[in-house]
Amino acid sequence: MNKYSILFLLFLFNLIISASDFKQVFKNLTPDQMPLQFAGNQGVISMGFGYSYTMFKRNRTTDLMYGYIPENISGTDLHIFTLKNTIKHDFCKLRDTIIIVATFNLNTICTISHNTHLMWPDHYPDGYYFTNAFHLQPSIGLEIKMHQDNHTNISKLSFYSELGILDQHTYHYIKTGRVSLLNSINLSLGCIYSFKNNATEIGGKDH
Amino acid sequence: MFNSTNYIFMIFVLVSITGCSVFEYSPYDDNLNTSIRNSNLKNISRIQDILTEVEADSFNFAIISDSHSDYDDLHEVVKKINSHSDIKFTIHLGDQTDLGLKFEFENSLNELNNLKFPYVAIIGNHDYLSQGESIFEMIYGKTNFSFQIGTNNFIGFDNIVWENNNSRPNFEWLKNELAGLEGNKFLLMHLTETSNSMELYKEEYLSIINNIQDLYRFHGHTHVLDIDWPRVVAPMTSDRIIPVISVRGNIVSYYLLEPK
Ligand SMILES: [Zn+2]
């Protein structure tokens, strides 16, 4: 079992526990949406696929994304896998056609790079280090989507921005009070192409 | 629909507008916010300037180690060192990060840059993690280096094994540096010879330093103060005990700055 298969199993496990309805995950493995994101500690550009579902009367999405940063930008090749869990809250409507959605995200970011390890090489004693490949990044964001009854492509597209803060910054802040949390906030931008029409999702899709 | 999410919206807009937010691609990349480069070399020449003005054979220096992400303790230690104007420079014996990440180096720099007198940094095993080694080299320079102050020889030796791809420390370089040296010799390194990762190389290391006169050895890593003069293991910064080394010609001694 190499580290990549462990990574895959971890994501699968996370995917399963993050969905309320197990049947839904297995029944409908066809993704509901395709996100594309700039920055956010997920690489320069990251993309992937995701599922939307309802849990505790809230619209949620779970995305699995992959990002890459080449050596000339980051100093070493970085392969970044992100599991993005989002809770959505319809925030307000503009002119009856645009919906602004507040999003609350918890991103689990796994980075494969030089000297980051899920499983430490054999020369380390067991438990010498905890894995240094994972980080958590909570974020809040706004998503703008078109609300149109005619099934046009534009109504399947939404745009978002997120403000996130990496776990390590929060840890340093709580532990020492010597770092600025405000300066640790990072901004990301993205868009989501939904395979379903947004209009059908208003008010939550119940199962 | 005005409820609690409106506040979140307001905070969101506010923070976005103030422009505090920046794009981050990864905590593991080497896009540093600091412009500090090659600081060891620059600080060494500052030390040499300061000490030629005074007296290159009579000075004190402090040793600190393993500050990790204890930035508050590092802050206090820096303040303490600054309050003793007889301490002309400081040596950090490694592990100024937990995970070798760029912002951990930068957070440490924010504290260390407050030192009134220059400091020199040695690489630790934690500093090697992720891209830490190359970030360390960007900020501080080579991980093996040496410098002279008058007749005093300082050797910064990178003895990291496991995190450095499980490789043998560059003992040839060390032997070369020590060969034919006159005067006091100060060997600065992170791991002790009793560290588990040095197990394979302990004998080789001891055979190199064996029979070398006026050799003083300084380590970190164990987090616990241990003095078996002329060998000192500096405690972790959070202990706030600072060993100070006093050089008076060929007489070298130490004392401890302890928290009140
Ligand atoms: Zn160490």
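Here the structure is a predicted model, which is why all the values come from computation and not from measurement.

Draft legend 1. A look at the sheet that holds strand E2 (residues 45-55) of chain A. Residue and element names in this part refer to chain A. Judged by pairing direction, the barrel is antiparallel, and its 8 strands sit side by side in the order E1-E2-E3-E4-E5-E6-E7-E8 before closing back on the first. Strand after strand, the sheet turns through a mean of 30° between neighbouring axes, direction not considered. In this structure, E2 lies alongside strand E3 (residues 58-69), joined through 11 bridges in antiparallel fashion. Each bridged residue has a counterpart across the sheet, and for Thr54 the counterpart in E3 is Asn59.

Draft legend 2. Examining the coordination of the zinc ion more closely. All names here are of chain B. Those protein atoms acting as donors to the zinc ion are Asp95 (OD), Asn125 (OD1), His190 (NE2) and His221 (ND1), and they sit at 2.1 to 2.2 Å. The coordination sphere of the zinc ion comprises 4 donor atoms, whose angles at the metal cover 87 to 172°; the geometry is irregular. In primary-sequence terms, the residues that donate to the zinc ion follow D-x29-N-x64-H-x30-H. On the criterion of sequence distance, the pair formed by Asp95 in the loop between strand E2 (87-92) and helix H4 (102-112) and His190 in the loop between strand E6 (185-189) and helix H7 (202-209) is long-range, its members being 95 residues apart. Owing to a relative accessible area of 0%, His190 belongs among the buried residues under this scheme.

Draft legend 3. Expanded view of the nonpolar core. Residue and element names in this part refer to chain B. Counting residues in hydrophobic clusters, the biggest one holds 45 residues, and the most contacted among them are Ile81, Tyr140, Leu174, Leu187, Tyr205 and Ile242. Other than its neighbours up to four places away in sequence, Leu187 contacts Ile155, Phe157, Leu174, Tyr205, Ile209, Leu215, Tyr216, Arg217 and Phe218. Within the second largest apolar cluster, 25 residues are counted, among which are Ala56, Phe154, Phe218 and Val252.

Draft legend 4. The arrangement of a nonpolar patch on the surface in detail. All names here are of chain A. There is a patch of nonpolar side chains on the surface, built from Met34, Leu36, Ile45, Met47, Phe49 and Phe195 and spanning about 510 Å² of accessible area. At the level of elements, strand E1 (33-39) and E2 are the ones that each hand at least two residues to the nonpolar patch. Broken down by element, the residue count for the nonpolar patch peaks at 3 residues, all from E2. Structurally, the position occupied by Met34 is in strand E1.

Draft legend 5. Looking closely at the pattern of salt bridges. All names here are of chain B. By the definition in use, this model includes 13 salt bridges over all chains. For Arg231, the salt bridge identified is with Glu193, shortest N-O distance 3.0 Å. Placement of the pair is Arg231 in strand E9 (residues 231-233) and Glu193 in the loop between E6 and H7, with a sequence separation of 38 residues. Like Glu193, Arg231 is buried. Across the pair Arg231 and Asp226 runs a salt bridge, and its minimum N-O distance is 3.6 Å. Connected through shared salt-bridge partners, Glu193, Arg217, Asp226 and Arg231 make up one network.

Draft legend 6. Focus on the environment of His172 of chain A. Residue and element names in this part refer to chain A. Inspection of the secondary structure puts His172 in helix H4 (residues 167-176). Its relative accessible area of 0% is what places His172 among the buried residues. Once the C-alpha coordinates of His172 and Leu187 are considered, the two residues, 15 residues apart in sequence, prove to be 20 Å apart.

Draft legend 7. Representation of unusual backbone geometry within the structure. Residue and element names in this part refer to chain B. In this structure, the amide linkage connecting Trp229 to the following residue, Pro230, adopts the cis form with an omega of 10°. Phi at Asp66 takes a positive value of approximately 50°, unusual for a residue other than glycine. By secondary structure assignment, the location of Asp66 is in the loop between strand E1 (58-64) and helix H3 (71-82).

The rules we used
- Residues numbered from 1 in each chain as written.
- Chains lettered and ligands numbered in written order.
- Predicted model: local features only at pLDDT ≥ 70, side-chain atom pairs only at ≥ 80, totals over all residues.
- Heavy atoms only, no water.
- Pairing = 2+ DSSP bridges.
- Helix = DSSP H or I, 4+ residues; strand = E, 2+ residues; numbered from the N terminus.
- Axes fitted to C-alpha atoms, helices over the stretch in contact; angles between N-to-C directions.
- Donors = N, O, S within 2.8 Å, 3.2 Å for Na, K, Ca; no water.
- Tetrahedral: all angles 85-135°; square planar, octahedral: opposite > 155°, others 65-115°.
- Buried < 20%, exposed > 50% of the residue type's maximum accessible area, 1.4 Å probe, protein only.
- Core = buried A, V, L, I, M, F, W, Y, C linked by side-chain atoms within 4.5 Å.
- Contact = heavy atoms within 4.5 Å.
- Patch = residues over 30% accessible without salt bridge, like charges linked within 9 Å, V, L, I, M, F, W, Y side chains within 5 Å.
- Areas by Shrake-Rupley, 256 points an atom, 1.4 Å probe, with all protein chains shown as cover.
- Salt bridge = Lys/Arg side-chain N within 4 Å of Asp/Glu carboxyl O.

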